[in-house]
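What follows is the residue order along each chain.
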Amino acid sequence: MSLMKTLLRKLARKVLRGIVSLSYDDKGIQRLQVKTLDGDVYELPRMQQYGLTANPKNDAECLVVMLDESNGVVIAVDDRRYRLQGLAKGEVALYDDLGSKIHLQRGGNILLETSTKITLDAPDVHLTGNLTADGEILDLSGSNSASMSSMRETYNKHDHTSGVGLPSSEMK
């Protein structure tokens with residue numbers, strides 16, 4: 001075998017595709033057990049972007065860069081079973097296997113979608129624009145558990161006992 005073929009063969013062994021068998025996400029750096037397409041099994045650290053993290057499901061695909069015969073690093077993981085499809089050029093999305101997503105769309109719109117609920121855990125929430133709700137808005141502070149529509153109905157029906165009468169205009 002020529003020297004050039006030997007070098008190309010060695011280089012080709014440096015970048016490998018594989019399948020995730022297990023993940024260990026309980027230490028400072030995540031480790032994945034990976035089975036490469038040629039059948040070798042490695043337990044390797046996974047490099048992730050600062051501020052973003054994910055724990056891949058078994059059978060996700062990965063890309064491995066081998067540093068030597070037994071040491072390498074997983075540099076990318078993808079899972080075609082759950083990847084969002086049909087994004088326009090330039091769009092970005094964060095998603096999971098259950099269908100939840102944050103989709104940065106063209107035109108500046110952001111779609112936040114989940115099948116359960118969204119929790120904002122902050123002492124204050126500030127909106128600079130309008131808030132529109134297609135469903136009920138509930139006031140659950142303290143022992144009160146009234147919806148905005150029930151408060152509106154109570155306001156519209158109330159009467160002033162001092163003879164002033166009903167409100168001059170309904171709350172809509």
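Bear in mind that the values here come from a model prediction, so they are computed numbers and not experimental data.

Visitor: Mind showing me how you'd approach the layout of surface pockets here?
Guide: Gaps left between atoms are located by rolling a probe of water-molecule size over the structure's atoms. When its volume is computed, the largest pocket comes out at roughly 840 Å³. Looking at the largest pocket, it is lined by 25 residues, and the ones nearest its centre are Arg46, Ala54, Val77, Leu94 and Tyr95. Looking at the lining of the largest pocket, the elements that each hand over two or more residues are strand 5 (72-78) and strand 6 (92-95). Here the lining of the largest pocket gets four residues from one element, more than from any other, and that element is strand 5. Taken together, the residues that form the lining of the largest pocket break down as 14 nonpolar, four polar and seven charged. Roughly 250 Å³ of volume is contained in the second largest pocket. What lines the second largest pocket is simply Val125, Leu127, Leu131, Thr132, Ala133, Asp134, Gly135, Glu136 and Ile137. For the lining of the second largest pocket, a count of residues per class yields five nonpolar, two polar and two charged.

Visitor: Help me understand the environment of Glu69, please; the structure alone is not making it clear to me.
Guide: With respect to the helices, strands and loops of the structure, Glu69 is situated in the loop between strand 4 (61-66) and strand 5. Sequence-wise, Glu69 and Lys14 are 55 residues apart; in three dimensions their C-alpha atoms are separated by 8.7 Å.

Visitor: Is there a simple way to explain the pairing of strand 7 (residues 101-104) in this structure?
Guide: Each regular strand shows side chains that alternate between the opposite faces of the sheet. Along strand 7, the buried face is formed by Lys101 and His103; none of Ile102 and Leu104, which line the opposite face, is buried. Both strand 6 and strand 7 contribute to a ladder of four bridges, which runs antiparallel. When the bridges of strand 7 are listed, Val92 appears paired with Leu104. In this structure, the hairpin formed by strand 6 and strand 7 is closed by a connection of five residues, where Gly99 is found at a positive phi of approximately 100°. In this sheet, strand 8 (residues 110-113) lies alongside strand 7 in antiparallel orientation, the contact comprising four bridges. Residue pairing across strands places Leu104 opposite Ile110, the latter belonging to strand 8. Here strand 7 folds back onto strand 8 in antiparallel fashion, the turn holding five residues, of which Gly107 has a positive phi close to 85°.

Visitor: I keep staring at the sheet that holds strand 6 and nothing clicks. Help me out?
Guide: Pairing between sheet strands relies on hydrogen bonds along the backbone, with the strands arranged either parallel or antiparallel. Ordered in space as 6-7-8, the three strands form an open sheet in which the pairing is antiparallel. The sheet is open, and its two edges are formed by strand 6 and strand 8, each paired on a single side. The mean angle between the axes of side-by-side strands here comes to 5°, regardless of whether they run parallel or antiparallel.

Visitor: Could you clarify how one ought to interpret the environment of Arg80 in this entry?
Guide: Within the fold, Arg80 resides in the loop between strand 5 and strand 6. Using a relative accessible area of 58% as the deciding quantity, one classes Arg80 as exposed. With 21 residues separating them in the primary sequence, Arg80 and Asp59 have C-alpha atoms 10.0 Å apart. Contact partners of Arg80, with chain neighbours within four places excluded, come to Arg17 and Glu61. In terms of polar contacts, Arg80 uses its side chain to reach the side chain of Glu61, at 2.5 Å.

Visitor: What am I meant to see in the sheet that holds strand 5 here?
Guide: As summarised here, the arrangement of the five strands in space is 3-2-1-4-5, forming an open sheet in which the pairing is antiparallel. The two strands at the open ends of the sheet, each matched to only one other strand, are strand 3 (41-45) and strand 5. Strand-to-strand twist across the sheet, computed as the mean angle between neighbouring axes with direction ignored, equals 40°. As paired elements, strand 2 (residues 31-36) and strand 3 share five bridges and run antiparallel to each other. Pairing of Arg31 across the sheet is with Pro45, part of strand 3.

Rules used throughout
- Residues numbered from 1 in each chain as written.
- Predicted model: local features only at pLDDT ≥ 70, side-chain atom pairs only at ≥ 80, totals over all residues.
- Heavy atoms only, no water.
- 1 Å grid on protein atoms, 1.4 Å probe; cavity = no way out; pocket = protein on both sides within 12 Å on 5 of 7 lines; lining within 4 Å.
- Points joined across faces, edges and corners; volume = space filled by probe spheres on them.
- Helix = DSSP H or I, 4+ residues; strand = E, 2+ residues; numbered from the N terminus.
- Nonpolar A, V, L, I, M, F, W, Y, C, P; charged D, E, K, R; others polar.
- Buried < 20%, exposed > 50% of the residue type's maximum accessible area, 1.4 Å probe, protein only.
- Pairing = 2+ DSSP bridges.
- Axes fitted to C-alpha atoms, helices over the stretch in contact; angles between N-to-C directions.
- Contact = heavy atoms within 4.5 Å.
- Polar contact = N/O pair within 3.5 Å; in protein donor to acceptor, adjacent residues only side chain to side chain.

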